[in-house]
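Each chain, written out:
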Amino acid sequence: MEPVIKIVELSPSEWKRYKDIRLEAFSESPQAFLISFNEAENEPDEKWKAALEDAEKGNRWLIFAEKEGEIIGMTGAFISEEYKGKNTAKIIEVFVSSRARGLHVGRMLLEAMIEKLRKLGMERVILVVNKEQIPAYSLYKSLGFKGIEDMNIMLGDGKSHEELVMELNLLN
């Protein structure tokens, strides 16, 4: 029988698990994030714990995929300044470990986050994807996200990349 993949939240005392999956993300996919692995690795441990404390307080949302006690993926969301008062959340930090790709972990994480945001009264969700990340783009599109804006951003690999801002209307 295939091991069960669970969607979980981490407590602030589990900050090391959060840090480990984030560092794995920065290492495996530097072209997908705004900061580099080295920048993330040098962040103080308190930053990782504080992020989970914020999630526990409802100031942001973080969920993780766990298989046999190991964190294999994650995503987060928050309300950025530009969307305050607009019932719009921004999904961030979408990552699935290379050890778990092909198991539909990304879909599980995003469906869980979208449902959480819907229950919180969000009407719209925004995310940004590197256009070179075809599997991620395809997943977002299959979930109903639509492209709304193109932009160029310098990412964690030190190169400028074409990014696509996508949105999902939760009222439909």
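Residues numbered from 1 in each chain as written. Predicted model: local features only at pLDDT ≥ 70, side-chain atom pairs only at ≥ 80, totals over all residues. Heavy atoms only, no water.

Caption draft 1: The overall build of the chain, seen in detail. Regarding its fold elements, the chain presents five helices and seven strands. Moving toward the C terminus, one meets the helices and strands of the chain in the order β-α-α-α-β-β-β-α-β-α-β-β. Taking 2.2 N^0.38 as the reference for a compact globule, 172 residues should give roughly 16 Å; the C-alpha atoms of the chain span a radius of gyration of 15 Å, in line with that estimate. Along the first, second and third principal axes, the C-alpha set of the chain runs to 35 × 35 × 35 Å. Counting across all 172 residues of the chain, residues that qualify as buried make up 44%. Intrachain contacts of the chain at a sequence separation of at least 6 include 65% that bridge at least 24 residues. Summed over its atoms, the accessible surface of the chain is roughly 9300 Å², and 49% of this surface lies on carbon and sulfur atoms. On the chain, the mean spot of the 24 positive side-chain charges and the mean spot of the 30 negative ones are 3 Å from each other. (Helix = DSSP H or I, 4+ residues; strand = E, 2+ residues; numbered from the N terminus. Rg over C-alpha atoms; globule rule 2.2 N^0.38 Å. Buried < 20%, exposed > 50% of the residue type's maximum accessible area, 1.4 Å probe, protein only. Contact = heavy atoms within 4.5 Å. Areas by Shrake-Rupley, 256 points an atom, 1.4 Å probe, with all protein chains shown as cover. Lys, Arg positive; Asp, Glu negative; His and termini not counted. Charge placed at Lys NZ, Arg CZ, Asp CG, Glu CD.)

Caption draft 2: Main features of the sheet that holds strand E6 (residues 146-154). Taken together, the seven strands give an open sheet; going across it, the order is E1-E2-E3-E4-E5-E7-E6, and neighbouring strands pair in mixed fashion. Of all the strands in the sheet, just strand E1 (5-8) and E6 have a single pairing partner and so form its edges. The mean angle between the axes of side-by-side strands here comes to 25 degrees, regardless of whether they run parallel or antiparallel. (Pairing = 2+ DSSP bridges. Axes fitted to C-alpha atoms, helices over the stretch in contact; angles between N-to-C directions.)

Caption draft 3: Fine view of helix H5 (residues 134-142). Within the span of H5, buried status applies to Ala136, Leu139 and Tyr140. Each buried residue of H5 lies within a common arc of 95 degrees when the element is viewed along its axis, so the set occupies one face. Just past H5, the residue Gly144 takes up positive phi, approximately 105 degrees. (Arc of directions from axis to C-beta.)

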